[in-house]
Number of protein chains: 2
Amino acid sequence: MNDTDFRDCQDCLCFAARRAARSITQHYDRQLRGSGLRTTQFTLLSYLIIAGHSSVNAAAEYLGMERTTLTRNLRPLLALDYVAVASGDDRRVKLIAITARGREAAAAALPQWRKAQRAMSKRLGPSAFRELAAMAAAA
Amino acid sequence: MNDTDFRDCQDCLCFAARRAARSITQHYDRQLRGSGLRTTQFTLLSYLIIAGHSSVNAAAEYLGMERTTLTRNLRPLLALDYVAVASGDDRRVKLIAITARGREAAAAALPQWRKAQRAMSKRLGPSAFRELAAMAAAA
DNA sequence: AACTTTTAGGTGTATACACACCCAAATGAA
DNA sequence: TTCATTTGGGTGTGTATACACCTAAAAGTT
């Protein structure tokens, strides 16, 4: 086992993807700083605005996120009263929905998100979203 | 503020990048399962093999990672005795280097990493790494 | 009805990540 | 030589992520 055997590890697609995500996330989070929301939280709220109420499973599936991760990500939003839960007929299901306060917060953050999105879209070019979506789907 | 204003939030490049990174990371981590290493840890070890000893700052810069993140990421590797620290002439600088045990662990994980990398490279195509690197650099 | 299986969801634990802030050592200025 | 500044690095805190495992309710089976 020679040290040079590890040379191609510098082309690790996983590390490259994580690095890109870190870099892009920092850009968005800087823009959203004043809103008090992280990009992940903003995306979650915007999903709930579009989807209306949603089960935890449905939200996790739509967002391509582990269910248990979503549970954890919901916690700060629940604490801020940006998201509320209700139960449906099936008492196992927990329906999550955005609150009025959550709508306000999302509305206040929207211009900053647009600014970040415009700048990033310009830097990465028009095909970036499609490429990223393909990467998420392929793995 | 209409709900439909949030429709284009579904095209968020930040979320797409994070989602791709999650998906790809899961693929690699599944392959590396038996090695006891996460992909991030494997990459860190492979960097230390190639670079020899490195300061914390230099490693963080090379890996495109927050210095404080790297400090935290080193902890499990230090606990496993895969990485060791020494101090140079400048007593502020902490030189990190891979140990013999770390080399063994990395060598054992290398075939699994290659397997994950081959499969992912095939799925994502030959331009994926370049695209991801550009995204990391652009943001 | 009683039992099994499936389904929805949460917890425990551990890593990954980053900003704000802190400390100590080296460097530079007076 | 003081003293301010810069530089290398760590901590506190909080979010983000996921696997293994758990509980309860619904659905299916006998």
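Higher on the page you've got the structure.
Calculation rules
- Residues numbered from 1 in each chain as written.
- Chains lettered and ligands numbered in written order.
- Predicted model: local features only at pLDDT ≥ 70, side-chain atom pairs only at ≥ 80, totals over all residues.
- Helix = DSSP H or I, 4+ residues; strand = E, 2+ residues; numbered from the N terminus.
- Rg over C-alpha atoms; globule rule 2.2 N^0.38 Å.
- Buried ≥ 20, exposed ≤ 12 C-beta atoms within 10 Å, placed from the backbone.
- Axes fitted to C-alpha atoms, helices over the stretch in contact; angles between N-to-C directions.
- Parallel < 35°, antiparallel > 145°, perpendicular 65-115°, else oblique.
- Left-handed = near helix turned anticlockwise from the far one by under 90°.
- Contact = placed C-beta atoms within 7 Å.
- Nonpolar A, V, L, I, M, F, W, Y, C, P; charged D, E, K, R; others polar.
- Least-squares fit on C-alpha atoms with pLDDT ≥ 70 in both.
- Pairing = 2+ DSSP bridges.
- Near = placed C-beta within 6 Å.

> How do you make sense of the overall build of chain A when you look at a structure like this?
Of the regular secondary structure elements, chain A holds six helices and three strands. Helices (α) and strands (β) of chain A occur, in sequence order from the N terminus, as α-α-β-α-α-β-β-α-α. On C-alpha atoms alone, chain A measures out to a radius of gyration of 18 Å, which is more than a quarter above the 14 Å that the 2.2 N^0.38 rule sets for 139 residues. Counting across all 139 residues of chain A, residues that qualify as buried make up 40%.

> Sorry, what's going on with the packing of helix H6 (residues 128–138) of chain A against helix H1 (residues 13–32) of chain B here?
Interhelical geometry of H6 of chain A versus H1 of chain B gives an angle of 25 degrees and a closest axis separation of 8 Å. The angle between H6 of chain A and H1 of chain B falls in the class roughly parallel. Read as a crossing pair, H6 of chain A and H1 of chain B show a hand that is left-handed. Residues Ala128, Phe129, Leu132, Ala133, Met135 and Ala136 of chain A of H6 of chain A form the contact with H1 of chain B, whose participating residues are Leu13, Ala16, Ala17, Arg19, Ala20, Ser23 and Ile24 of chain B. A breakdown of the residues in the contact of H6 of chain A with H1 of chain B according to their chemical character gives 11 nonpolar, one polar and one charged.

> Is there a simple way to think about the environment of Ala17 of chain B in this case?
Along the polypeptide, Ala17 of chain B turns up in helix H1. For Ala17 of chain B, a count of 33 C-beta atoms within 10 Å corresponds to the buried category. In this structure, the C-alpha to C-alpha distance between Ala17 of chain B and Asp5 of chain B, residues 12 residues apart in sequence, is 22 Å. Setting aside its immediate chain neighbours within four residues, Ala17 of chain B contacts Ala20, Ala21, Ile24 and Leu132 of chain A together with Met135 of chain B.

> Can you walk me through the relation of the copies chain A and chain B in this structure?
Taken together, a rotation about one axis and a shift along it account for how the two chain copies relate. Aligned on chain B, chain A shows an RMSD of 0.0 Å; the corresponding rotation is 180 degrees and the shift along the axis is 0.0 Å. Such values leave the two copies arranged in the relation of a two-fold axis. Minimal C-alpha distance to the rotation axis in chain A is attained by Ala21 of chain A, lying at 3.3 Å. Taken as a fraction of all interface residues of chain A, those also at the interface in chain B reach 100%, which identifies the copy contact as same-surface.

> Just to check I follow, could you spell out the pairing of strand E2 (residues 83–87) of chain A for this structure?
Each regular strand shows side chains that alternate between the opposite faces of the sheet. Residue and element names in this part refer to chain A. With five bridges joining them, E2 and strand E3 (residues 94–98) adopt antiparallel strand pairing. Within E3, the residue paired with Ala84 across the bridge is Ala97. Hairpin connection from E2 to E3: six residues lie between these consecutive antiparallel strands.

> What is the right way to look at the protein's contact with DNA strand D in this model?
By nearness alone, 25 residues border DNA strand D, and Thr40, Arg72 and Pro76 of chain A together with Arg22 and Asn57 of chain B come closest of all. For the surface near DNA strand D, the elements supplying multiple residues, two or more each, are helix H2 (39–51) and helix H4 (67–79) of chain A together with H1, helix H3 (56–63) and helix H4 (67–79) of chain B. The element best represented in the surface near DNA strand D is H4 of chain A, accounting for five residues. Residue composition of the surface near DNA strand D, grouped by class: four nonpolar, 10 polar and 11 charged.

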